[in-house]
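Chain and residue survey
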Amino acid sequence: MDIANYLNGAAAQLENVHKTYQMGIQQVKALSGVSIAFEKGSFWAILGPSGSGKSTMLNLLGCLDRPSEGRYILNGHDVSTLDDDQLSEMRLNHLGFIFQSFNLIPQSTVEENIQLPLYYQGWDPEESTERARELASKVGLEDRLNHRPMELSGGQQQRVAVARALANDPAILLADEPTGNLDSHTGIEIMKLLQELNQQGKTVIMVTHEQDIAAFAQHRMYMKDGLIERIEGMN
Amino acid sequence: MYYNKHIREVKLGVKNLLLHKLRSFLTMLGVVFGVGSVIAMLAVGEGASKEALDRIRKLGSQNIIISSAKSIEEESQTNVRSMMSVYGLLYEDEIRLRVTFPMIKNTVPVKEVRKEGRLGERAMELRVVGTTPRWFDLIQRPLVAGRVLAQLDFETKSNVVVLTEHGVRKLLAGQNTIGQTLRLGGEYFEVVGIVQNAGNIGGDIQTPDQEIDAYIPINVARERYGDILTKNLSGTRSMEKVELHQIIAEVDSTEHVEATASGIESMLKLFHKKEDYKISVPLTLLRQAEATKRTFNIVLGSIAGISLLVGGIGIMNIMLASVTERTREIGIRRAIGAKKKQIITQFLIETVVLSTTGGLIGMGLGLLIPFLITLLAGMPTVVSAFSLALSLGISMAVGIIFGIYPAIRASNLDPIVALRHE
Ligand SMILES: Nc1ncnc2c1ncn2[C@@H]1O[C@H](COP(=O)(O)OP(=O)(O)OP(=O)(O)O)[C@@H](O)[C@H]1O
Ligand SMILES: [Mg+2]
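Residues numbered from 1 in each chain as written. Chains lettered and ligands numbered in written order. Predicted model: local features only at pLDDT ≥ 70, side-chain atom pairs only at ≥ 80, totals over all residues. Heavy atoms only, no water.

On to the pairing of strand β9 (residues 214-217) of chain B, then. Residues and elements named next belong to chain B. Note that strand β4 (residues 122-131) and β9 share four bridges and pair parallel. Note that in β9 the partner of T131 across the bridge is P217. Where strand β6 (residues 160-164) and β9 come together, two bridges link them in antiparallel fashion. Paired with L163 across the strands is A214, a residue of β9. (Pairing = 2+ DSSP bridges. Helix = DSSP H or I, 4+ residues; strand = E, 2+ residues; numbered from the N terminus.)

On the surface, a cluster of nonpolar side chains totalling about 530 Å² of accessible area is made up of L368, F371, L372, L375 and L376 of chain B. With respect to the element layout, L372 of chain B can be found in helix α12 (residues 340-377). (Patch = residues over 30% accessible without salt bridge, like charges linked within 9 Å, V, L, I, M, F, W, Y side chains within 5 Å. Areas by Shrake-Rupley, 256 points an atom, 1.4 Å probe, with all protein chains shown as cover. Salt bridge = Lys/Arg side-chain N within 4 Å of Asp/Glu carboxyl O.)

Note on interface size: it is often stated as the accessible area lost on association of the parts. According to the domain assignment, chain B contains domain 1 (2-55 + 288-420) and domain 2 (63-252). Each of domain 1 of chain B and domain 2 of chain B has a C-alpha centre, and these two points are 58 Å apart. (Domains from an automatic or database assignment.)

Bringing the nonpolar core into the picture now. By size, the foremost hydrophobic cluster in this structure holds 62 residues, and its most contacted members are F38, M57, L61, L74 and I205 of chain A. The element best represented in this core is helix α10 (residues 282-325) of chain B, accounting for six residues. In this structure M57 of chain A touches L14, L31, V34, F38, I46, M221, M223 and I228 of chain A, once residues within four positions along its chain are discounted. Judged by nonpolar contacts, the second largest core, of 39 residues, contains A45, I98, A175 and L193 of chain A. (Core = buried A, V, L, I, M, F, W, Y, C linked by side-chain atoms within 4.5 Å. Buried < 20%, exposed > 50% of the residue type's maximum accessible area, 1.4 Å probe, protein only. Contact = heavy atoms within 4.5 Å.)

Judged by side-chain charge, E126, E127, E130 and E134 of chain A come together as a negatively charged surface patch. Assessed through its relative accessible area of 54%, E130 of chain A is described here as exposed. (Lys, Arg positive; Asp, Glu negative; His and termini not counted. Charge placed at Lys NZ, Arg CZ, Asp CG, Glu CD.)

Turning our eyes to something else, we now look at the packing of helix α3 (residues 84-94) of chain A against helix α11 (residues 327-336) of chain B. Two packed helices can be described by the angle between their axes and the distance between those axes. For the pair α3 of chain A and α11 of chain B, interaxial distance at closest approach is 7 Å and the crossing angle is 80°. Taken together, the axes of α3 of chain A and α11 of chain B lie roughly perpendicular to each other. Judged by residue contacts, D84, S88, R91 and L92 of chain A of α3 of chain A engage R334, A335 and I336 of chain B from α11 of chain B. When the residues that make up the contact of α3 of chain A with α11 of chain B are grouped by side-chain class, the tally is three nonpolar, one polar and three charged. (Axes fitted to C-alpha atoms, helices over the stretch in contact; angles between N-to-C directions. Parallel < 35°, antiparallel > 145°, perpendicular 65-115°, else oblique. Nonpolar A, V, L, I, M, F, W, Y, C, P; charged D, E, K, R; others polar.)

Further remarks concern the pattern of salt bridges. Between side chains of opposite charge, a pair can form as their charged atoms come close. Residue and element names in this part refer to chain B. One pass over the full model with this rule turns up 32 salt bridges over all chains. With its nearest N and O atoms 3.2 Å apart, the salt bridge here joins E94 to R98. With a gap of four residues between them, E94 and R98 both fall in helix α4 (residues 91-100), about one helical turn apart. A salt bridge links E223 to K157, with the shortest nitrogen-to-oxygen separation between them at 2.5 Å. Within this pair, whereas E223 is found in helix α8 (residues 218-225), its partner K157 is found in the loop between α6 (151-155) and β6, the two being separated by 66 residues in sequence. The partly exposed category is assigned to K157, whose relative accessible area is 36%. Connected through salt bridges with shared partners, the residues K157, E187, E223 and R224 form a single ionic network.

The next thing to look at is the site of ligand 1. In the neighbourhood of ligand 1, 15 residues make up the surrounding shell, with S50, G51, K54, S55 and T56 of chain A lying closest. Bordering ligand 1 are residues originating from chains A and B. Here an oxygen atom of ligand 1 sits 2.4 Å away from a polar atom, N or O, in the side chain of S50 of chain A. The separation between an oxygen atom of ligand 1 and a polar side-chain atom of S55 of chain A is 2.7 Å. (Near = heavy atom within 4 Å. Polar contact = N/O pair within 3.5 Å; in protein donor to acceptor, adjacent residues only side chain to side chain.)

A complete count under the given rule lists two cavities of 30 Å³ or more for this structure. Contributing to the lining of the largest cavity are L95, G96, F97, F99, P117, R164, A165 and N168 of chain A together with I332, A335 and I336 of chain B. Elements with a minimum of two residues in the lining of the largest cavity: β6 (95-98) and α6 (154-166) of chain A together with α11 of chain B. A per-class count over the lining of the largest cavity returns eight nonpolar, two polar and one charged. Put simply, the second largest cavity is a space of about 60 Å³. Lining the second largest cavity, in full, are Y119 and Y120 of chain A together with E9, L12, Q342, T345 and Q346 of chain B. (1 Å grid on protein atoms, 1.4 Å probe; cavity = no way out; pocket = protein on both sides within 12 Å on 5 of 7 lines; lining within 4 Å. Points joined across faces, edges and corners; volume = space filled by probe spheres on them.)

A separate point is the confidence of the model for chain A. The share of residues in chain A with pLDDT of 70 or more is 96%, and the mean pLDDT across the chain is 92. Helix α1 (residues 3-9) of chain A is the least confidently modelled element of chain A, averaging 50 in pLDDT, while strand β8 (residues 203-207) of chain A averages 97, the highest of any element. (pLDDT = per-residue confidence, 0-100.)

Structure below.
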């Protein structure tokens, strides 16, 4: 099938993707043949029991890893054929990450954390500062620019992470249990932020355990034993 | 859109190092002391060898010095068999040297006599050297007052004398001595000039003008005093007949010095039955001194190398700990899109900044220590620009060599695993 066809509607497409981890002599099959297309501008929640392969799928979608088998087409590139530097470039230019444990650099300020992708994209410092400030006010943290992550609440830290994920204006936002370390009230606030971003056109793919969090997404994918069990929501 | 990337990378490195000021400082100390001791040791070594080399250079690297010496058999026979021992260089030898060797530009004969010198009330035994004006071309010493011997003195066989500072001191004479009359033995001489000596000289290297008190024209010395020297040694009178005590031969270039010296040796062997002369070549001494210096530098270099190695291992140790400590940060940077190369650069810049800063502080120390040594112990030291450049270069190299492994280790972390790291 022609790669151009994938581009029409799909932001990312997995095609019979397998992922096998080698644990000593034992092989662990984290994904055993997954095929799915994530449409541009869609909002997905991935659910399923622990160990079902949710994070594995998200890491593959995030170009942090390559499939053991099958193809992953992102932005017209077959990711399975890219080398390490090219994977880095895909992450840098097309993807944004939000993690459960925020993963901010502790010694850097809010502003510097948001600027991190821009640093690697080689932005002019002034333009980069300006963009970081814009993003900080977008997530409501314009008055916390010079704070360190430790001085912020969990919700605020996750907002910084969202702002950082948006800095490179990615096509897809990937979130692995973004509310997992937050209380339900703060979690819902973050979800509202993601929903808003999705309404502005970003494709959002999120792993979660919680039904009420998953309810924010248009599509809910249930996984089991490294396979997609079913998909709920409008399609 | 591309701003000066390297300035930013260095800034980031400095910022991370400043997060742990004490740790960074302690890590740096190894290089500080390594570099400091390299420079200081080289400065002391350079100072000592410069002194030795200067001393030898004063002898003239283009000169060959041939001296009269009593042969060993003569030494033991003198008192037993004859009252007079005859040995040493001959007036003819000087002429022969000049005629035989085209490479010899110049020869200077030296005839020594010991005479009582009397200047006004003061009388002292003086070591007087009869020589030609060419002496003063070869053994260049600054003139203190008056003039040196001139060709005219020689031609007219004038009774003129040039004192050295050594002689001046013995006679308690001042600068007003110029023009006064000095009695040497039974003869009267006009003092026409005063020259400096070579200065304090130690070791076994002797300059030809060491301990000379006065110079007179050689033909005057020969005519007035003859070739026979009478010595009163513990009651026994001994007599020696020596024509010339020394001949200094100046060769046209340093390349010919050693060949000429061996030529002179074979020539003298032909004309002297006994080995009653000694040839010394300042250039050979210079070469030996330089070889010694090289050995010395190699030893110092190895010691310094070891201390820098220790410093480098210290840096590597801390950087490895730092990589472990910052695993998560590395994971974050990689997830966001940093390439392996950029992670390597980041960590490498930190180690190079660390080691170079250590190197610069070490340079300060390396300048201070020799200064203090000279100030307090009076030892000569020479801090060469080369040693400074070398140390700085080495300290940067230490940063790169010992930083590369931790940096590569950091870059090879799997981002997924690194992100999960606690
Ligand atoms: N780096 C790895 N090495 C070996 N096995 C791994 C690795 N990463 C994941 N696995 C295994 O792959 C399977 C899927 O893991 P994954 O992290 O994708 O699960 P998950 O659905 O995200 O679970 P959870 O809800 O607990 O986060 C598990 O059996 C896990 O042990
Ligand atoms: Mg998971």
